[in-house]
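Chain residues, written in single-letter form:
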Amino acid sequence: MQIVQTDLPGVLILTPRRFGDARGFFSESWNKARMAEHGLHYDFVQDNHSLSETENTVRGLHFQSPPHAQAKLVRCGRGRLFDVAVDIRTGSPTYGRWVGVELSFENGRQLLIPEGFLHGFATREPMTEILYKCTDTYAPECDGAVRFDDPDIGIDWGLTGPPVLSDKDAAAPALAAFDSPFAWEAA
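Residues numbered from 1 in each chain as written. Predicted model: local features only at pLDDT ≥ 70, side-chain atom pairs only at ≥ 80, totals over all residues. Heavy atoms only, no water.

Asker: Describe the pattern of salt bridges, naming the residues involved and giving the relevant values.
Answerer: This structure, assessed with the given rule, holds 9 salt bridges. For glutamate 125, the salt bridge is made with arginine 80, and the minimal N-O distance between the two is 3.2 Å. Placement of the pair is glutamate 125 in the loop between strand E12 (117-123) and strand E13 (128-134) and arginine 80 in strand E8 (residues 80-87), with a sequence separation of 45 residues. Under the relative-accessibility criterion, arginine 80 is labelled partly exposed at 26%. Notably, a salt bridge pairs aspartate 143 with lysine 168, separated by 2.7 Å at the nearest N-O pair. Of this pair, aspartate 143 sits in strand E14 (residues 143-145) while lysine 168 sits in helix H2 (residues 167-170); the two residues are 25 residues apart in sequence, bridging distant segments of the chain. (Salt bridge = Lys/Arg side-chain N within 4 Å of Asp/Glu carboxyl O. Helix = DSSP H or I, 4+ residues; strand = E, 2+ residues; numbered from the N terminus. Buried < 20%, exposed > 50% of the residue type's maximum accessible area, 1.4 Å probe, protein only.)

Structure, rendered in structure tokens:
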């Protein structure tokens, strides 16, 4: 497994090895013992799978607050997407900064997003599937969002047309109006 640190401490790009032959390939997308050897200790308890039918679908920026905060391991099962994490830990030197990574079936990359970060993605192709593991189960009372196109965050989503949004995402508040439930802890 190749592990690359992004510009946001704790947000990692994981690229599993693929073992291929005439039949296709095999890849181990997560191995708790091997990840622990790299200091990554996550207990994933829920797997999610979503399909976006059209290009330029934007989902996010989402988070789940304590006591049900979630770390996520995100990958693309089919198609191509631009996956984004935004630091929302108050007091963090990188508060409000974002990092984005293209995930596709072809490149096999995964994005590991710890608790305390917003998560969102934009599809680059029709019929794009995203699969992600979470460290806590979905809790509607802890569900929240920040506006995907907030100019204070300034994400370049690379959209080629108008965004396709849910009502929830279209009505999400700006970062400036957001009271983060996460605090940065110096290591």
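Asker: Any details on the UniProt feature "active site" (unreviewed entry) in the protein chain? Residues and values, ideally.
Answerer: According to UniProt, the feature "active site" (unreviewed entry) maps to His62 and Tyr132 in the numbering used here. Spanning 71 residues, the named residues form one tight spatial group whose C-alpha atoms are at most 13.5 Å apart. Structurally, the position occupied by histidine 62 is in strand E6 (residues 58-64). When sequence neighbours within four positions are dropped, the list of residues in contact with histidine 62 reads Phe117, Leu118, His119, Gly144, Ala145, Lys168 and Asp169. (UniProt positions renumbered as here; feature names shortened; annotations may be inferred. Contact = heavy atoms within 4.5 Å.)

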